[in-house]
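Examining the three-dimensional arrangement
Chain by chain, the residues run as shown.
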Amino acid sequence: MRICVFCGSSFGLRPEYTQAAQALVKALAARKIGLVYGGATVGLMGLIADTMLTAGGEVIGVIPRSLKDREIAHTQLSALHIVEDMHQRKAKMAELSDGFIALPGGAGTLEELFEVWTWAKLSFHDKPCGFLNVEGYYDRLLEFLDHMVEEQFIKAKHRTMLCVAEQPADLLEQFAQYVPPKRTESPPPAPPNIVDVIAWICIENKRLLCARTKGNDVFYLPGGKRKPQESDWDGLCREVQEEVSVALIKETFTEVMTVEEIAHGYQQPTWVSMKCFQASYTGSLTPTSEIEETAWLRYADKEQCAPATQRVIEYLRDRQLMD
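Residues numbered from 1 in each chain as written. Predicted model: local features only at pLDDT ≥ 70, side-chain atom pairs only at ≥ 80, totals over all residues. Heavy atoms only, no water.

Time to look at the pattern of salt bridges. Under the counting rule described, the total for this entry stands at 17 salt bridges. Between R226 and D196 there is a salt bridge, with its nearest N and O atoms 2.5 Å apart. Here the residue R226 occupies a position in the loop between β11 (223-224) and α8 (232-244), and D196 occupies one in strand β8 (residues 193-201), the gap between them amounting to 30 residues. Exposure remark for R226: the relative accessible area of 15% places this residue in the buried category. Here the residues in one salt-bridge network are D196, R226, D232 and K275, joined through shared partners. (Salt bridge = Lys/Arg side-chain N within 4 Å of Asp/Glu carboxyl O. Helix = DSSP H or I, 4+ residues; strand = E, 2+ residues; numbered from the N terminus. Buried < 20%, exposed > 50% of the residue type's maximum accessible area, 1.4 Å probe, protein only.)

What follows is about the sheet that holds strand β10 (residues 207-213). The three strands are arranged β9-β10-β16 in an open sheet whose pairing can be described as antiparallel. Bordering the open sheet on either side are β9 (203-204) and β16 (291-297), each of which pairs with just one other strand. Both β10 and β16 contribute to a ladder of six bridges, which runs antiparallel. Across the sheet, residue T213 finds its bridge partner in β16, namely I291. (Pairing = 2+ DSSP bridges.)

Quick look at helix α7 (residues 168-177) now. Among the residues of α7, those classed as buried are P168, L171, L172 and F175. Buried residues of α7, seen end-on, are gathered within an arc of 95° and therefore sit on one face of the element. Opposite the buried face of α7, by more than 90 degrees, sit the exposed residues A176 and Q177. Where α7 is buried, its residues touch β1 (2-6), α1 (15-30), β5 (100-102), β6 (129-132) and β7 (162-165). (Arc of directions from axis to C-beta. Contact = heavy atoms within 4.5 Å.)

Mapped onto the elements of the fold, L28 is located in helix α1. Residues L28 and I3 lie 25 residues apart in sequence; the distance between their C-alpha atoms is 8.0 Å.

Here we come to the nonpolar core. Core analysis: the biggest nonpolar cluster contains 60 residues, and L28, L35, I48 and L113 have the highest contact counts within it. At eight residues, the largest contribution of residues to this core is made by α1. With residues near it in sequence (within four places) discarded, L35 still touches I3, V5, V25, L28, I48, A49, M52, E58, V59 and I60. Residues V197, A199, A263 and V312 belong to the second largest nonpolar core, which totals 22 residues. (Core = buried A, V, L, I, M, F, W, Y, C linked by side-chain atoms within 4.5 Å.)

Another aspect to go through is the side chain of E243. Inspection of the secondary structure puts E243 in helix α8. Buried E243, no salt bridge; nearest opposite-charge side chain is R238, N-O distance 8.0 Å. Here the side chain of E243 touches G223 through a polar contact of 3.3 Å, landing on its backbone nitrogen. Beyond its immediate chain neighbours, meaning those up to four positions away, E243 contacts P222, G223, T286, P287, T288, E290 and I291. (Lys, Arg positive; Asp, Glu negative; His and termini not counted. Polar contact = N/O pair within 3.5 Å; in protein donor to acceptor, adjacent residues only side chain to side chain.)

Let us look at a negative patch on the surface. Residues E135, D139, E143, E166, D170 and E173 make up a contiguous surface patch of negative charge. When residues of the negative patch are traced back to their parent elements, those giving at least two are α5 (139-150) and α7. Within the element layout of this structure, D139 appears in helix α5. (Patch = residues over 30% accessible without salt bridge, like charges linked within 9 Å, V, L, I, M, F, W, Y side chains within 5 Å. Areas by Shrake-Rupley, 256 points an atom, 1.4 Å probe, with all protein chains shown as cover. Charge placed at Lys NZ, Arg CZ, Asp CG, Glu CD.)

Shown next as structure tokens:
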């Protein structure tokens, strides 16, 4: 069994926060429960990992490649999963865990706990979720959740799904006794498919290079899906070479943005998560056989593009990078 602990990349103001973090993982270790966390060495994240390792427990970290250096990935763990983005990080932690606990933390901690709680509300999983409410840290948040119930934005049975305790032992006991509410309504629809792609932003004279593949009626940014185990850089280089025949220059490779939007051309509900990069290139921009045409588009041409590419064009126009 493993519990995922969400917590801050800082220690917070009060020493009680660090004391509670250590007490929690010691309680997990005493019960032979493994720890899943964000994979870093900084703040409470690093503290819970080191405390669990000292206690002889299992520690599994999950960290995005882009945060590996910023948050300083822990190299002494039982296992460390390096993923491509925050979406994959949360999905991997959820897959590895049998329950979820939020220690005191910031916006990221709340976002992580609220997401897995939402999944539980929708019956995507039956795993317990809870707050370790150290020194009343979450009191006002819990009051607001009660207000949401009163205003009929949350059902009471969903509010009570959140376990809350001031002491680790009490919270873990609630987890042991947790029974998800019975579902009386129809099962929720399956979540939409998500297509994970990488894309190249190439701007010249304030116009954006776009391509239209054969059989498609809209333009896209050059790029596509990664192959298994392929990095962003390797995948983008391959896709750009396959579509417009140029080589990207690694020293200029820069991440710009990630766009999540409805995917064009799918019959089933599908979203695209498009991670966008800029890089200089060498060679001559020449469409390959899989490309019907390329075009240097202006802001006024955005309706010719797929929805995700339209979001990129709006972003670039807002920053006066396109006409």
